[in-house]
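Examining the three-dimensional arrangement
Okay, here's what each chain looks like letter by letter:
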Amino acid sequence: MTAELKKGTLWQKIVHQTELAIANGTLHSIQTLSQEIDQDGCDFTVRIAKNLQRKREQKEIKPDFNPFLPPEPSLTIAKLSPTHIAVLNKFNVVNHHLLIVTSKFESQERLLNECDFNALCRCLAEYPALGFYNGGEAAGASQKHKHLQLVPLPLYGGTRPYPFLSVLAGNEYYTGIQQLSSLPFKHAWCNLPKKLFDDLTLATIYCNKVYREMLMHLNIEALPDTEGELQSAPYNLLMTSDWMLLVPRSKESWQGISVNALGYVGSLFVSDHSALEKLRGFGPLNLLKEVSYAH
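Since the structure is predicted, the reported quantities are computational estimates derived from the model, not experimental observations.

Quick look at the sheet that holds strand β6 (residues 129-135)
On the basis of which strands lie adjacent, the open sheet formed by eight strands has the order β3-β4-β5-β7-β6-β11-β12-β8 and antiparallel pairing. Since the sheet does not close on itself, it has two edges, and those belong to β3 (76-79) and β8 (188-191), each with one partner. Across this sheet, the average inter-strand angle for adjacent strands is 20°, counted without regard to direction. Bridge count between strand β11 (residues 235-239) and strand β12 (residues 243-248): five bridges; the pairing is antiparallel. Within β12, the residue paired with Asn236 across the bridge is Val247. Lying on the sheet, helix α1 (residues 10-23) is in contact with β3, β4 (84-88), β5 (98-102) and β7 (147-152); it crosses β3 at an angle near 150°.

With respect to the pairing of β11
With respect to burial, β11 is a largely interior element, five of its five residues being buried. Side-chain alternation along β11 places Tyr235, Leu237 and Met239 on one buried face and Asn236 and Leu238 on a second face that is also buried. In this sheet, β11 lies alongside β6 in antiparallel orientation, the contact comprising five bridges. When the bridges of β11 are listed, Gly131 appears paired with Met239. Hairpin geometry of β11 and β12 is characterised by an intervening segment of three residues between the two adjacent antiparallel strands.

A closer look at the sheet that holds strand β2 (residues 42-49)
Sheet strands line up and pair through hydrogen bonds in the backbone, either parallel or antiparallel. Read from one edge of the open sheet, three strands run β1-β2-β15, paired in mixed fashion. Each edge of the open sheet carries a strand with a single partner, namely β1 (32-39) and β15 (267-270). Ignoring which end each strand starts from, the neighbouring axes of this sheet average 30° apart. Where β1 lies against β2, eight bridges are found, and the strand directions are antiparallel. In the sheet register, Gln35 faces β2, and the bridge partner there is Val46. The sheet contacts of helix α6 (residues 273-282) involve β1, β2 and β15, and relative to β1 the element is tilted by about 10°.

Observations regarding the pattern of salt bridges
Applying the stated rule across the entire model yields 11 salt bridges. One salt bridge in this structure joins Glu213 and Lys209, with 2.7 Å as the shortest N-O distance. Taken together, the positions of Glu213 and Lys209, both in helix α5 (residues 200-217) and four residues apart, correspond to about one turn of that helix. Judged by its relative accessible area of 33%, Glu213 is partly exposed. By relative accessible area, which is 49% here, Lys209 ends up partly exposed.

A short note on α5
Taking 1.5 Å of rise per residue, the 18 residues of α5 would be expected to cover 26 Å, and the 25 Å separating its terminal C-alpha atoms lies within 8% of that figure. The secondary structure elements touched by the buried residues of α5 are α3 (114-124), β8, β11 and β12. At the N-terminal boundary of α5, the capping side chain belongs to Asp199, with an oxygen 3.1 Å from the backbone nitrogen of Thr201. Taken from the residues just after α5, Asn219 is the one with a positive phi, measuring 60°.

Some remarks on the side chain of His97
Its place among the elements puts His97 in the loop between β4 and β5. A distance of 2.7 Å separates polar atoms of two side chains, one belonging to His97 and the other to Gln149. When sequence neighbours within four positions are dropped, the list of residues in contact with His97 reads Val87, Leu88, Asn89, Asn92, Phe132, Gln149, Leu150 and Val151.

Some details on the environment of Ala129
When you line up the elements, Ala129 lands in strand β6. Taking the C-alpha atoms as reference points, Ala129 and Thr32, 97 residues apart in sequence, are found 21 Å from one another. If sequence neighbours within four positions are ignored, Ala129 has contacts with Leu124, Leu150, Val151, Pro152, Leu153, Met239 and Thr240.

Quick notes on the pairing of β3
In this sheet, β4 lies alongside β3 in antiparallel orientation, the contact comprising three bridges. Opposite Thr76, over in β4, you have Val87 as the bridge partner. Two successive antiparallel strands, β3 and β4, enclose a turn made up of four residues.

Regarding unusual backbone geometry
In the segment running from Leu69 into Pro70, the intervening peptide bond is cis, with an omega of -10°. By the secondary structure assignment, Pro70 is in the loop between α2 (52-61) and β3. Cis geometry marks the peptide bond from Leu153 to Pro154; its omega dihedral reads 0°. You can see Pro154 is positioned in the loop between β7 and α4 (165-168). Unlike most non-glycine residues, His96 shows phi in positive territory, near 60°. Mapped onto the elements, His96 comes out in the loop between β4 and β5. In this model, Asn219 sits at a positive phi of 60°, which is unusual for a non-glycine residue.

Calculation criteria
- Residues numbered from 1 in each chain as written.
- Predicted model: local features only at pLDDT ≥ 70, side-chain atom pairs only at ≥ 80, totals over all residues.
- Heavy atoms only, no water.
- Pairing = 2+ DSSP bridges.
- Helix = DSSP H or I, 4+ residues; strand = E, 2+ residues; numbered from the N terminus.
- Axes fitted to C-alpha atoms, helices over the stretch in contact; angles between N-to-C directions.
- Contact = heavy atoms within 4.5 Å.
- Buried < 20%, exposed > 50% of the residue type's maximum accessible area, 1.4 Å probe, protein only.
- Salt bridge = Lys/Arg side-chain N within 4 Å of Asp/Glu carboxyl O.
- Expected span 1.5 Å × (residues − 1).
- Polar contact = N/O pair within 3.5 Å; in protein donor to acceptor, adjacent residues only side chain to side chain.

Structure, rendered in structure tokens:
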């Protein structure tokens, strides 16, 4: 049985389990090369991940395979709550990439709830990280089983927590739900109160409330279902201990270049140099506009 997480131990558990999973061959890190591209004052890190195709091929061979029921023991970190567990991402591009998975099957197209935010907030309180959710296949979800994701900050080392620092910096005094002028596509963004994550119960309730307000702001409805509310449209949610961002999605990719939630902090992935040059010519900000919606 997976042990309950003790406060203050998550990062050490992730590092230790990562070492073990690498040693026994169950963790498959995808090696990348990175390029920096700027468009209209937005900095992007584009990573060429040549082994992404291997992950896609596995999905095609076993379309109904659920890696989370049960998760591989050597990738399992801890029980976060009665409803969620923490598992290492088997095919990671970012080191120490964590998946926050529902213990029982729930659809990735179900709206998030207080149980989901309780698990996510518990993790965000442990170390500097970016949490995100790909709401449906058109938003970049590769698995049908509901799971949030967490990557440590800074995202790729260095001093910037993520490439879009200049876009999100300087907005810390805004209150309420905003649309940032630097992002030329429909979205909802807001600051979170300082020290919110000192109180897990308060953080859970507050973040779930803001999330629901963002959905309403963007006309994404809750569709009643026998097993919980379903989303009326795909979207990406991103969250740190300082802010939340929600972006409705129009499609999953543009000319073979897929975008998940990380694209909305300036982190994009391509499969080869040809795709990189295609993206450079088109413009990464134009790519985000293409897979989102105009203001």
